[in-house]
Amino acid sequence: NKPFFMVIHLADTRLPYTAAYDFANPYVYQLQKKGVYPSPPYVFDVPDLEAAQKGELQFSPEWQEIARAFFDAEAAYVDRELGRFLEYLKQKGLYDRALIVATAAHGAEFWERGGFEHGHSLHREVVEVPLVIKYPEARHAGSLIRDRVSLLDLFPTLAEFFNWPAPVDLDGVSLYPRAGSLRIMPHSVFVMGLL
């Protein structure tokens, strides 16, 4: 019966990819249709992540397919668990009143440009992540912002929503809708990587 703040950090899509059998099975079936036959337990890991990130550790096309498939299986598992949590909020009568933010710290590269995972480049697959904001009472439901935004925009958005005093020198801008409009103030989007 009190206001609360909760952070849920789901790290299942980080190495090693240890896909549960029921989630891996559909992806394994797709691999088998391509002539790739992984055997249980369905795990993908690398002996030297830094070398793999830089493209210095070579993976056969079959291992690349397995890495993608097991990552997708892990992502499916995370999706299911997030759905279970949202359903729980609905059962407890909290969902409609809740402000919910879902995002990711980074994406992952799967040899699109020779590298693997993250922390070595600023390619789109690494820096473009989902950002979903669900406001209470279904305000602005289904609206889509196509402008580039940044995770730095989260704090100004929350500050405006909660009417917190925000420092004037913030790097981000608020994404909170004004007067029913989701137009975003033009701003630079900052991207940083560990190279």
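Residues numbered from 1 in each chain as written. Predicted model: local features only at pLDDT ≥ 70, side-chain atom pairs only at ≥ 80, totals over all residues. Heavy atoms only, no water.

**Topic: the nonpolar core**
Of all hydrophobic cores here, the largest spans 22 residues; its most connected members are Tyr17, Phe44, Phe70, Phe110, Trp111 and Phe116. At the level of elements, helix H1 (21–33) and helix H3 (61–91) are the ones that each hand at least two residues to this core. The biggest single contributor to this core is H3, with six residues. Beyond its immediate chain neighbours, meaning those up to four positions away, Phe70 contacts Tyr17, Ala19, Val28, Leu31, Pro38, Tyr42, Val43 and Phe44. (Core = buried A, V, L, I, M, F, W, Y, C linked by side-chain atoms within 4.5 Å. Buried < 20%, exposed > 50% of the residue type's maximum accessible area, 1.4 Å probe, protein only. Helix = DSSP H or I, 4+ residues; strand = E, 2+ residues; numbered from the N terminus. Contact = heavy atoms within 4.5 Å.)

**Focus: the pattern of salt bridges**
Enumeration according to the criterion identifies six salt bridges in this entry. Between Glu65 and Lys34 there is a salt bridge, with the nearest N and O atoms lying 3.0 Å from each other. With a gap of 31 residues between them, Glu65 in helix H3 and Lys34 in the loop between H1 and strand E2 (43–44) connect regions that are remote in the sequence. Residue classification places Glu65 among the partly exposed positions, given a relative accessible area of 24%. For Lys34, a relative accessible area of 56% gives the class exposed. (Salt bridge = Lys/Arg side-chain N within 4 Å of Asp/Glu carboxyl O.)

**A word on H1**
Compared with an ideal rise of 1.5 Å per residue, which puts 13 residues at 18 Å, H1 spans 18 Å between its outermost C-alpha atoms and is within 8% of the ideal. At Tyr27, H1 shows its largest bend, some 25 degrees. Contacts from the buried residues of H1 go to H3. Directly after H1, the chain includes Gly35, whose backbone phi takes a positive value near 85 degrees. (Expected span 1.5 Å × (residues − 1). Bend = angle between axes of the 7 residues up to and from the residue.)

**Quick word on the environment of Pro61**
Here Pro61 lies in helix H3. For Pro61 and Val36, which are 25 residues apart along the polypeptide, the C-alpha to C-alpha distance reads 9.5 Å.

**Some thoughts on the side chain of Ser121**
With respect to the secondary-structure elements, Ser121 resides in the loop between strand E5 (116–117) and helix H4 (124–127). Relative accessible area serves as the criterion here: at 11%, Ser121 is assigned to the buried category. Polar side-chain contacts of Ser121 include one of 3.3 Å to the side chain of Glu109. (Polar contact = N/O pair within 3.5 Å; in protein donor to acceptor, adjacent residues only side chain to side chain.)

**Comments concerning helix H5 (residues 154–162)**
When we look at burial in H5, the residues that qualify are Leu154, Pro156, Thr157, Ala159 and Phe161. Tucked inside the fold, the buried residues of H5 contact strand E3 (100–103) and strand E6 (131–134). Once H5 ends, the next one or two residues include Asn163, with phi positive near 65 degrees.

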